[in-house]
Amino acid sequence: MGKIEDLKVINGEGYQLTTLDKAIGLARANSVWPLPFATSCCGIEFMATMGSAYDLSRFGMERMSFSPRQADLLIVAGTISKKLGPVLKKVYEQMSEPKWVLSVGACACSGGIFDTYSVLQGIDRIIPVDVYVPGCPPRPEQIIDGVMNIHELVKNESNRRRYSDEYKHLMNNYNIEIEDGNAE
Amino acid sequence: MEMLNNEAILNLIQEAFPNDVLFHEEPYGLLTMEVTASKGHEIIHWLKNHEQLSVNYLTNIAGIHYPEDLGREFAVVYQLHSWKNLFRLRLKCYLSKDAIQIATLVDVFDGANWMERETYDFYGIEFVGHPDLRRILNEDSMDYFPMRKEYALEDATREDKDDRYFGRNNL
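Residues numbered from 1 in each chain as written. Chains lettered and ligands numbered in written order. Predicted model: local features only at pLDDT ≥ 70, side-chain atom pairs only at ≥ 80, totals over all residues.

Engineer: Talk me through the overall build of chain B; I want residue IDs and the actual numbers.
Structural biologist: Scanning chain B from N- to C-terminus turns up three helices and seven strands. Along its sequence from the N terminus, chain B presents helices and strands in the succession α-β-β-α-β-β-β-β-α-β. Looking at chain B as a whole, 25% of its 171 residues qualify as buried. Expressed as a percentage of contacts within chain B between residues at least 6 apart in sequence, the contacts between residues at least 24 apart total 49%. (Helix = DSSP H or I, 4+ residues; strand = E, 2+ residues; numbered from the N terminus. Buried ≥ 20, exposed ≤ 12 C-beta atoms within 10 Å, placed from the backbone. Contact = placed C-beta atoms within 7 Å.)

Engineer: Tell me about the pairing of strand β4 (residues 74–82) of chain B, and please be specific about residues and values.
Structural biologist: Residues and elements named next belong to chain B. Of the two faces of β4, the one holding F74, V76, Y78, L80 and S82 is buried and the one holding A75, V77, Q79 and H81 is not buried anywhere. The pairing of strand β3 (residues 57–65) with β4 spans eight bridges and is classified as antiparallel. Residue Y57 lies in a different strand from β4, and its bridge partner there is H81. Pairing analysis gives nine bridges linking β4 to strand β5 (residues 87–95), with the strands arranged antiparallel. Of the residues in β5, the one forming a bridge with V76 is C93. (Pairing = 2+ DSSP bridges.)

Engineer: Describe helix α3 (residues 41–50) of chain A, and please don't skip the residues or the numbers.
Structural biologist: All names here are of chain A. Within the sequence span of α3, burial applies to C42, E45, F46 and T49. One side of α3 holds all its buried residues, which, seen down the axis, span an arc of 105°. Close packing links the buried residues of α3 with β1 (34–38), β2 (73–77), β3 (100–104), α5 (105–110) and α6 (140–156). (Arc of directions from axis to C-beta.)

Engineer: Help me get a handle on the environment of R90(B), residues and values and all.
Structural biologist: Within the fold, R90(B) resides in strand β5. Not counting chain neighbours up to four residues away, the residues in contact with R90(B) comprise L30(B), L31(B), T32(B), V77(B), Y78(B) and Q79(B).

Engineer: How would you sum up the sheet that holds strand β2 (residues 31–35) of chain B? Please name residues and give values.
Structural biologist: All names here are of chain B. Across the sheet, five strands lie side by side as β1-β2-β5-β4-β3; this open sheet has mixed pairing. Each edge of the open sheet carries a strand with a single partner, namely β1 (21–25) and β3. Recorded for the sheet is a direction-independent mean angle of 20° between the axes of neighbouring strands. Across the sheet, helix α2 (residues 40–49) lies against β2, β4 and β5, angled at about 165° from β5, the strand it touches most. (Axes fitted to C-alpha atoms, helices over the stretch in contact; angles between N-to-C directions.)

Engineer: Go over the environment of P98(A) with me, naming the residues and quoting the values.
Structural biologist: Considering the arrangement of structural elements, one finds P98(A) in the loop between α4 (85–94) and β3. Those residues in contact with P98(A) that lie beyond four places of it in its chain are D72(A), R161(A) and R162(A).

Engineer: Provide a residue-level description of the sheet that holds β3(A), including the pertinent values.
Structural biologist: Residues and elements named next belong to chain A. The sheet built from four strands is open, its strands ordered β1-β2-β3-β4 with parallel pairing. Edge positions in the sheet fall to β1 and β4 (131–133), since each of these pairs with one other strand and no more. The average undirected angle you get between the axes of adjacent strands in this sheet is 15°. As defined by bridge partners, β2 adjoins β3 across five bridges and the pair is classed as parallel. Across the sheet, residue V76 finds its bridge partner in β3, namely S103.

Engineer: Lay out the interface of chain B and chain A in plain terms, naming residues and giving numbers.
Structural biologist: Facing five residues of chain B, the contacting portion of chain A comprises six residues. Taken together, the residues of the side of chain B that touches chain A sort by class into one nonpolar, one polar and three charged. (Nonpolar A, V, L, I, M, F, W, Y, C, P; charged D, E, K, R; others polar.)

Engineer: Account for the nonpolar core, naming residues and giving values.
Structural biologist: Residue and element names in this part refer to chain A. One finds L73, L74, I75, V76, L102, V104 and A108 to be the most contacted residues of the largest nonpolar core, which totals 35 residues. Among the elements that line this core, the one with the most residues is β2, at five residues. Here L102 is in contact with L73, I75, D130, V131, V133, G146, V147 and I150, once residues within four sequence places are set aside. (Core = buried A, V, L, I, M, F, W, Y, C linked by C-beta atoms within 7 Å.)

Engineer: Break down the confidence of the model for chain A for me, citing the residues and quoting the values.
Structural biologist: Taken residue by residue, chain A gives an average pLDDT of 85. The fraction at 70 or more is 89%. Between residues 1–11 of chain A, whose pLDDT stays under 50, and residues either more than four places distant or in other chains, the model counts one contact. (pLDDT = per-residue confidence, 0-100.)

Engineer: Residue-level account of helix α7 (residues 165–173) of chain A, with values.
Structural biologist: α7(A) sits mainly on the outside: zero of its nine residues count as buried. Phi turns positive, to about 60°, at N175(A), one or two residues after α7(A).

Engineer: Explain the confidence of the model for chain B to me, using residue names and the numbers behind them.
Structural biologist: Taken as a whole, chain B shows an average pLDDT of 88; of its residues, 88% reach a score of 70 or greater. Reported confidence for the predicted complex is 0.71 by ipTM and 0.79 by pTM.

Engineer: So what about the environment of A99(B)? Which residues, and what values?
Structural biologist: Take A99(B): it is sitting in the loop between β5 and β6 (101–103). Considered as a pair, A99(B) and I125(B) are 26 residues apart in the sequence and their alpha carbons are 9.3 Å apart.

Engineer: Please set out the pairing of β5(B) residue by residue, giving values where relevant.
Structural biologist: Residue and element names in this part refer to chain B. When you tally the buried positions in β5, you get seven out of nine residues, the bulk of the element. Looking at chain direction, β2 and β5 are connected through five bridges and run parallel. When the sheet's bridge partners are listed, E34 is paired in β5 with K92. Here β4 folds back onto β5, and the loop between the two strands holds four residues, one of which, L86, carries a positive phi near 55°.

Structure follows, in structure tokens:
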């Protein structure tokens, strides 16, 4: 406590104390680079979300990353056919940690109305999903709500999530290799 | 140049192939013929190179499955177009499910390549002599031909949709 008092004395007004975890979480949450994997009508709604009326760039997300190497958030908006499944998984695998997945719309979440032989019945069959946005298609407000939920995760999850046993177990379930956190 | 009408076209074909036009009709004015499956290639080649008819464009190839029509369960349908004479015609070749092969048209029309792959993909019709007969739209690992009329509308044993979430069982 004495140290804080000292700081207060030294710096006066205009500073904040927090933990490093929280500060990093806040910075990450407000500078997420999304990769829009948009295949159909949900993609159009996402474009509206990006546009000036709904303006996703308010949340530090105006920079779409079309390279998975630089993206933090995979936004899957639209029907994913079984043939496209391996491509989606490859894109996810190429993203570097930490990474999150937002599944937008009924098709990405569950196959939606396409209860048929050629459509993947939900992307969570091949990659782990953090937040689901229901709707066919969801309105931009709903997509923004999903993004807000992603932000909550980014702010509050451990910065070392990728090294946790739960995370490794999850990735193992999906047969996705992750870098070994113990390797120096 | 005088316009060819359906009757004149049919007469020309029947003159050249007297035994191979098995049936003909004109639904909505479109000359439609059933021809011997083994002669399909020869007839289309002849139509394309015929000086007067000059059927130079293959609009489409499609498959049909008639599961109740024993001995001729599958049909390959060729839609042809003559740009020079402005007429269209349709040829149907019937195949038995036990001998589901027909000669490829790739040597006559290059455009037949992907159309035949698609017909193979969905119906399993084998185009003999096709340079690259693989699936084109469906995933490569698929082990059935989805457009055949031999599947239940909904498979009761599937587990990839949980019925409880869709109100489809009364548990």
